[in-house]
Amino acid sequence: MPQTSPPAFLSDDRFINEHRKVFVMFMGRGGYSEEMSTEEFPRLQQTVKLDAYPIAYLRLQRTGSRFALDRRRKMEIAEIYHKAGEHAHYGYCIALGIKPE
């Protein structure tokens, strides 16, 4: 199967900032602190991308992290990240005048 490049919006700072903002907000609703959310966002961004099944994130070494997470919490956080990405993508498209898919 040929390798495809990631969609351009994933590297657009406007999308990344919106995704981070929505992720932190959703994490707060789940009882996670802003500090923890901000620390996890880059890890998720590097491993999960658009994949709804975050195997790389589950296996990621979190050496130096101030927050311990078990597998269940990692799955919960990856799901929040994914949902935040969907919301951020919708807002990103609207802001650019693009019809969201």
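Bear in mind that the values here come from a model prediction, so they are computed numbers and not experimental data. (Residues numbered from 1 in each chain as written. Predicted model: local features only at pLDDT ≥ 70, side-chain atom pairs only at ≥ 80, totals over all residues. Heavy atoms only, no water.)

The subject of this paragraph is the nonpolar core. In this structure, Phe23, Met27, Leu44, Tyr57 and Ile77 are the most contacted members of the largest nonpolar core, which totals 17 residues. Where this core is concerned, the elements lending two or more residues are α1 (13–29), α2 (34–47) and α4 (71–96). Beyond its immediate sequence surroundings of up to four residues, Tyr57 is in contact with Glu40, Arg43, Leu44, Thr47, Val48, Leu69, Lys74, Ile77 and Ala78. (Core = buried A, V, L, I, M, F, W, Y, C linked by side-chain atoms within 4.5 Å. Buried < 20%, exposed > 50% of the residue type's maximum accessible area, 1.4 Å probe, protein only. Helix = DSSP H or I, 4+ residues; strand = E, 2+ residues; numbered from the N terminus. Contact = heavy atoms within 4.5 Å.)

Taking 1.5 Å of rise per residue, 17 residues should cover 24 Å, and α1 covers 24 Å from first to last C-alpha, within 8% of that figure. Every buried residue belonging to α1 is among Phe15, Ile16, His19, Val22, Phe23, Val24, Phe26 and Met27, and all of these are buried. Packed against the buried residues of α1 are α2 and α4. Immediately downstream of α1, the backbone of Gly31 shows phi near 90°, a positive value. (Expected span 1.5 Å × (residues − 1).)

Here we come to the pattern of salt bridges. Per the stated rule, a full pass over the model turns up eight salt bridges. For Glu18, the salt bridge is made with Lys21, and the minimal N-O distance between the two is 3.3 Å. With Glu18 and Lys21 both in helix α1 and three residues apart, this pair spans about one turn of that helix. Residue Glu18 is classed as partly exposed on the basis of its relative accessible area, which comes to 24%. Residue Lys21 is classed as exposed on the basis of its relative accessible area, which comes to 53%. A salt bridge links Glu39 to Arg43; the shortest N-O distance between them is 3.2 Å. Taken together, the positions of Glu39 and Arg43, both in helix α2 and four residues apart, correspond to about one turn of that helix. Linked by salt bridges that have partners in common, Glu39, Glu40, Arg43, Arg62 and Arg66 make up one network. (Salt bridge = Lys/Arg side-chain N within 4 Å of Asp/Glu carboxyl O.)

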